[in-house]
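Inside the fold
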Amino acid sequence: MKSYIIFDLDGTLLNTIADLANAVNYALTKLGYPTHALSSYNLMVGNGAAKLVERALPDDARSDEIIAKTLSIFKEYYTEHCFDETVPYPEIPELLEMLTAKGINLAVTSNKYQEAVTKIIRHYFPSANFRSILGNTEGMPRKPDPSILFQALIECPTPKKDVLYVGDSGVDMETARRACVESVGVTWGFRPEAELKAAYADHIVTSPLQIIKLIPL
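Quick caveat, the model's predicted, so the values are computed rather than measured. (Residues numbered from 1 in each chain as written. Predicted model: local features only at pLDDT ≥ 70, side-chain atom pairs only at ≥ 80, totals over all residues. Heavy atoms only, no water.)

Put simply, helix α2 (residues 49–56) and helix α3 (residues 64–81) touch, their axes get as near as 9 Å, and they point 115 degrees apart. By the angle between their directions, the pair α2 and α3 is classed as roughly perpendicular. Every pair of crossing elements has a handedness; the one defined by α2 and α3 is right-handed. Residues A49, A50, L52, V53 and E54 of α2 touch α3, and the partners they reach there are I67, T70, L71 and F74. Taken together, the residues of the contact of α2 with α3 break down into 7 nonpolar, 1 polar and 1 charged. (Axes fitted to C-alpha atoms, helices over the stretch in contact; angles between N-to-C directions. Helix = DSSP H or I, 4+ residues; strand = E, 2+ residues; numbered from the N terminus. Parallel < 35°, antiparallel > 145°, perpendicular 65-115°, else oblique. Left-handed = near helix turned anticlockwise from the far one by under 90°. Contact = heavy atoms within 4.5 Å. Nonpolar A, V, L, I, M, F, W, Y, C, P; charged D, E, K, R; others polar.)

Printed below as a string of structure tokens:
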């Protein structure tokens, strides 16, 4: 029986793309760089905030100093505006409610910085049974390195055979593979289904409640 479900955050539990795009575009504008259309950001996200702003900057502006300055402005703005347009995907609140009612342990592991992850999860899902809420912190390698999944397992010890890892990207599927846990790719997020297949997702679902079928309750 699966007893521990570990979720990615952006593109899996929540549609955060508009708030992320707005925060990056704000930082770019403050520094005098061109901004990007919302649709461009789907392929920029997924590897943490530093990589996001690096990808958004012009090629000739990607020095360590400029990336750090852009990142600082982005974080300050995003932390204050991360609820503006972000919404849970349809059926996600119901899924988490059902899993919590059945006593399934939950976790979130994200490449987003820790302050934002904690704030967002507590705001949108205050009653869900999250045993571990993990974002990127200093010294923690970003996914697809599996260290963050191992930390989630330390915080809620569970045999790997009883774990599902749910995400919307090839990075997530590779993270699960490296951690030797079963993966579920979701098609409602930021990346195409072809990416999930190419990354050898164990399962692919098109709606959140389909995850219930993978968990004999």
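Turning our attention to the pairing of strand β6 (residues 163–167). By the criterion of burial, β6 is predominantly enclosed, with 5 of the 5 residues buried. Residues V163, Y165 and G167 of β6 are buried on one face, and the alternating residues L164 and V166, pointing to the opposite face, are buried as well. Relative to β6, strand β1 (residues 4–7) is paired through 4 bridges, and the arrangement is parallel. Looking at β6, one finds that I6 is bridged to Y165. (Buried < 20%, exposed > 50% of the residue type's maximum accessible area, 1.4 Å probe, protein only. Pairing = 2+ DSSP bridges.)

Within this structure, the stated rule accounts for 5 aromatic pairs. Where Y26 meets Y77, the ring centres are 4.3 Å apart and the plane angle is 25 degrees; that geometry is what we call stacked. Here the residue Y26 occupies a position in helix α1 (residues 17–30), and Y77 occupies one in helix α3, the gap between them amounting to 51 residues. We classify Y26 as partly exposed; its relative accessible area is 34%. (Phe/Tyr/Trp six-rings, centres within 6.5 Å; stacked < 30°, edge-to-face > 60°.)

Another aspect to go through is the pattern of salt bridges. When the charged atoms of two side chains lie near each other, side chains of opposite charge can form a pair. Under the definition given, this model contains 11 salt bridges. The salt bridge involving D10 is made with K112; its shortest N-O contact spans 2.8 Å. Taken together, the residues D10 in the loop between β1 and β2 (14–15) and K112 in strand β4 (residues 105–113) connect sequence positions 102 residues apart. K112 carries the same exposure label as D10, and that label is buried. In this structure, E193 and K197 form a salt bridge, with 3.5 Å as the shortest nitrogen-oxygen distance. Here E193 and its partner K197 are both found in helix α8 (residues 193–198), 4 residues apart, which amounts to about one turn of the helix. Judged by relative accessible area, which is 35%, E193 ranks as partly exposed. Salt bridges sharing partners connect three or more residues here, namely D8, K143 and D172. (Salt bridge = Lys/Arg side-chain N within 4 Å of Asp/Glu carboxyl O.)

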